[in-house]
Amino acid sequence: MKDTIFIRVESGEDVGYGHIIRCMALANYLKIHFKIIFITSNSTGNLNSLIKKNNFRRISLMRLIPLSHSNIINDAQQTIKIIKKFGNEKSLLLVDSYNLPIRWESLVKPYVRKLIVIDDLISRKHNCDLIIDQNLHTDMKKLYQNLIPNSCVKLFGPDYAILRKQFFIQRKHMKVRSLPIQKILISFGGSDKKDYTLSILNLIECLEKIKKIYVVVGSASSNKDKIRYFCKNHSQFEYIEQTENMAKLMRNADLAIGSGGTTTWERCCLGLPSIIFVTSIDQKDIANAVSRYNCGINLGKLNKSSKLVLSKILSSFNKKEFEIMSKNCMNLVDGKGAIRITNVIRKL
């Protein structure tokens, strides 16, 4: 009989889709060896339907906002109740949430055999047995120093990038990208709360040499109707909402413009050079590190000079430099991160 892994994660307008997408990707490898149960709330704009579509069991809890001390305790108590009812002393818990702090982990940890955390924010404290941070940071040696137990197993860096199987499959068909740039992919995540997508569209609407621009938005995007209207009135722009074939779109593109979030590692896996905009504080260090590794060009936050800078970059790419960037991307991420993580979890 398989041991159970509970996965506590959220998705929606406020937290985006990156957390649940990577948890789903990992779950599809873990399910060979474990019984998987997702624990989520019904947040606005959630992707809970995706859990069902992937044939995983989901148990709902009431999410209380704001996450005050009492609400964090309440969330922990709800989670413990679910674990006690559907698990046993051999169960494991994986949590992927910026909103559930160490005190939540400490309350829940006694009720599972091992607690696993996925995080990107290197300043947070954790009480866990295994921590996964798939990102490239500017100082990899000091990650979570004095913030996790000494006995905690650490899986850091893009070798542990959690990608869906579609990326590993498409990678087999990839070649190093080269000039000319004829197709661009634009994607700023599932919710794009700061409306970067529409801003970028307005910056590049007059590009003449680009044959096709794929514009990918999530179903939680508050401005998707405006973006759809824009694409309808510009022939080379193609509007795509909540795609399940991101790997194929990336394979067909020559360049990506997007955020420094989880899609960074998807782009790298397929050797897709990118222009990166930092849309949240947790992406700043990642974008800097990716730029240093020459896997993308970091333009930081969107500002008044972005149009001029973006136009200059698009017109000044050098063939050799562009090919080197594509090679660097593929060397950084091989698409096997979820397999490596699964093997470690099996040995816990």
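Calculation criteria
- Residues numbered from 1 in each chain as written.
- Predicted model: local features only at pLDDT ≥ 70, side-chain atom pairs only at ≥ 80, totals over all residues.
- Heavy atoms only, no water.
- Helix = DSSP H or I, 4+ residues; strand = E, 2+ residues; numbered from the N terminus.
- Rg over C-alpha atoms; globule rule 2.2 N^0.38 Å.
- Buried < 20%, exposed > 50% of the residue type's maximum accessible area, 1.4 Å probe, protein only.
- Contact = heavy atoms within 4.5 Å.
- Phe/Tyr/Trp six-rings, centres within 6.5 Å; stacked < 30°, edge-to-face > 60°.
- Lys NZ or Arg CZ within 6 Å of the ring centre and 35° of its normal.
- Core = buried A, V, L, I, M, F, W, Y, C linked by side-chain atoms within 4.5 Å.
- Disulfide = S-S within 2.5 Å.
- Expected span 1.5 Å × (residues − 1).

Colleague: Just checking my understanding: could you explain the overall build of the protein for this structure?
Modeller: Within the protein, the secondary structure is distributed over 13 helices and 13 strands. Against the globule reference of 20 Å for 348 residues, the protein gives a C-alpha radius of gyration of 20 Å, in line with a compact fold. Overall size of the protein, expressed as C-alpha extent along the three principal axes, is 60 × 40 × 35 Å. Taking all 348 residues of the protein together, the buried fraction comes to 54%. Across the protein, contacts joining residues at least 24 apart in sequence account for 64% of those joining residues at least 6 apart.

Colleague: Would you take a moment to explain the packing of aromatic side chains for this structure?
Modeller: Any two aromatic rings considered together are summarised by their centre-to-centre distance and by the angle between their planes. Here the structure, examined in full by the defined rule, presents 7 aromatic pairs. Cluster of aromatic residues (ring-pair linked, three or more members): F188, Y196 and F277. For the cation-ring pair, K165 lies above Y29, with the distance from its terminal atom to the ring centre recorded as 4.9 Å.

Colleague: Help me understand unusual backbone geometry in this model?
Modeller: With an omega of 5°, the peptide bond running from L179 to P180 counts as cis. Counting through the fold element by element, P180 comes out in the loop between α5 (165–171) and β8 (183–187). Of note in this structure, Y144 is not a glycine but carries a positive phi near 55°. Even without glycine at this site, D195 takes up a positive phi of about 60°. With respect to the element layout, D195 can be found in the loop between β8 and α6 (196–204). On the accessibility criterion, D195 (18% relative accessible area) is buried.

Colleague: Can you walk me through the nonpolar core in this structure?
Modeller: With 32 residues, the main nonpolar core has I5, I7, I36, F38 and I345 as its most contacted residues. Every element with two or more residues in this core is listed here: β1 (4–9), α1 (18–30), β2 (35–40), α2 (48–53), β4 (92–96), β5 (114–118), β6 (130–133) and α13 (337–347). The element that contributes the greatest number of residues to this core is α1, accounting for 9 residues. Apart from the residues lying within four places of it in its own chain, the contact partners of I7 are C23, A27, I36, I37, F38, I39 and L94.

Colleague: Please explain the state of the cysteines as it appears in this structure.
Modeller: Covalently bonding the sulfur atom of one cysteine to the sulfur atom of another cysteine gives a disulfide. Enumeration over the complete set of coordinates arrives at 0 disulfides. The thiol of C152 is unpaired, and the distance to the nearest cysteine sulfur, on C128, comes to 3.8 Å.

Colleague: Would you mind showing me how to read α1 here?
Modeller: An α-helix turns once per 3.6 residues; consequently, residues spaced three or four apart project the same way. Between the first and last C-alpha of α1 there are 18 Å, a value that for 13 residues agrees with the 18 Å anticipated at 1.5 Å per step. Of all the 13 residues making up α1, 12 are buried; the element is thus mostly covered by neighbouring parts of the structure. Among the residues of α1, H19, I20, I21, R22, C23, M24, A25, L26, A27, N28, Y29 and L30 are the ones counted as buried.

Colleague: Even after reading the chapter, I still don't get the environment of N343, so can you show me in this structure?
Modeller: The topology assignment puts N343 in helix α13. In the structure, N343 is positioned 310 residues away from H33 in sequence and 9.9 Å away in space, judged by C-alpha atoms.

By themselves, these figures tell us nothing about what the structure is for.
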